[in-house]
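# Coordinate analysis (summary)
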Amino acid sequence: MNLTHDRKLTTLLFNPFVYIAGAPALGLGLAAILLAGLIGSWGHTHFDGVLDTHIGARAPLGVFLAEGLIDWLCLGLVLLIFGKIISKTSFRTLDLLGTQALARWPTVFISLVSLPKALQRFSQELLEQLTKPGAKIVINPWDALIFFAAMMVMLPLLGWVVALMYKSYSVSCNVKGGKAIGTFIGGLLLAEIMSKVAVYGLLKFT
Amino acid sequence: MKNLPTTCPSCSSKLAVKRLHCEKCETEVEGLYSLPVLASLSHDDQEFILEFIKASGSLKEMAAIFKVSYPTVRNRLDDVILKLKQDAKTK
């Protein structure tokens, strides 16, 4: 029977939800989100929006952990509503939230890539350029090189996360085609705004 | 045994049964009989339905047997239901 898929590497990387969903996906996904937050706290990497990664500001560990959870919940809840509207069949909330959590697992790599101190120094130098226009600011070329190399790694990783988020939505809600892609893009933008507002509130509160 | 053809190779219309044969006593029955609903499904889909019944309709059990996720099994079942509904509409 075709249901027993060959465990191809591409499927495991880009659509693991064929094999894992529900509570196991939720457990692994939450562990990955918290691990990314923990590593992020060492390199001051903030996931301050569903699609955002910024390096720089120091904050308590709780903020780094909460940011990942806010991003996951915002997109999960928006896609849950969109899925209920467009899906022709019933689906389990646990599957969508679980697979959405697991879709964020490559953020662990993003946190790891952001660890070198050169990235924080270069971010600070860029920030100073913006906040003190005209001031003579020395930029270390090695810091700049490491920063751009890290960006080149981070962008595909972010693309991977988005691809996983879409597959999670498609598999969990059983939606395909233009309607699925359109609502996913709309949901992503809406969740980005929601998460930005929520993270801003969190930072203001702390 | 060969797979049962369900559509006409010439015009793609649904086929009907015209002759039945007893392998034991060689009796042959002729008439015009429609194929069972499930026969219109592919061999894979028929096997899936058979396993679904054997698992007492438990999608969780099906997911465990085939080592896939719950939504994967449920989506497959939804696809089969859709095919059966479309088939019923064309009749």
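Every chain begins its residue count from 1, and numbering advances along the sequence as written. To label them, take the chains in the order written and letter them from A, then take the ligands in the order written and number them from 1. Reporting in this predicted model follows two pLDDT cut-offs: at least 70 for local features of residues, and 80 or more for side-chain atom pairs to be given and counted; totals over whole chains, interfaces and linings ignore these cut-offs and use all residues. As a rule here, side-chain values cover all heavy atoms of the structure and leave hydrogens and water aside.

### Considering the state of the cysteines
- Disulfide: a pair of cysteine sulfur atoms within 2.5 Å of each other. One pass over the structure, following the stated rule, counts zero disulfides over all chains.
- The structure places no disulfide on Cys173(A), whose sulfur is separated from the nearest cysteine sulfur, that of Cys74(A), by 17 Å.
- Free of any disulfide, Cys8(B) has its nearest cysteine sulfur in Cys11(B), 3.8 Å distant.

### Comments concerning the packing of aromatic side chains
- Working definition: rings of Phe, Tyr and Trp (its six-membered ring) pair if their centres are within 6.5 Å, and the pair is stacked with planes under 30 degrees apart, edge-to-face with planes over 60 apart, and tilted otherwise. In this structure the tally under the stated criterion is 10 aromatic pairs over all chains.
- Taken together, Phe14(A), Trp105(A), Phe109(A) and Trp160(A) form an aromatic cluster joined through their ring pairs.
- For a lysine, the NZ atom is tested; for an arginine, the CZ atom; a charge sits over a ring if that atom is within 6 Å of the ring centre and within 35 degrees of the ring normal. Residue placement shows Lys84(A) over the ring face of Phe91(A); its charged tip is 4.6 Å from the ring centre.
- The positively charged end of Arg92(A) is found above the aromatic ring belonging to Tyr70(B), 3.8 Å away from the centroid.

### Here we look at the environment of Glu30(B)
Residues and elements named next belong to chain B.
- Put simply, DSSP marks the helices as runs of H or I at least four residues long and the strands as runs of E at least two long, and each gets a number from the N terminus on. Structurally, Glu30 is set in strand 2 (residues 28–34).
- With relative accessibility at 53%, the residue Glu30 sits in the exposed group.
- Separated by 12 residues in the primary sequence, Glu30 and Lys18 place their C-alpha atoms 5.7 Å from one another.
- Note on definitions: a residue-residue contact is assigned when non-hydrogen atoms from the two residues lie within 4.5 Å. With residues up to four places along the chain from it excluded, the contact list for Glu30 reads Lys18 and Arg19. Relative accessibility thresholds used throughout: buried, under 20% of the residue-type maximum; exposed, over 50%; partly exposed, between the two (1.4 Å probe, protein chains only).

### With respect to unusual backbone geometry
- Although it is not a glycine, His44(A) sits at a positive phi angle of roughly 55°.
- Mapped onto the fold, His44(A) is located in the loop between helix 2 (22–43) and strand 1 (45–46).
- On the basis of relative accessibility, which here comes to 9%, the residue His44(A) falls in the buried class.
- Located in the positive-phi region is Ser56(B), a residue other than glycine, with phi close to 55°.
- Relative to the helices and strands, Ser56(B) is located in the loop between helix 1 (43–54) and helix 2 (59–66).
- On the accessibility criterion, Ser56(B) (68% relative accessible area) is exposed.

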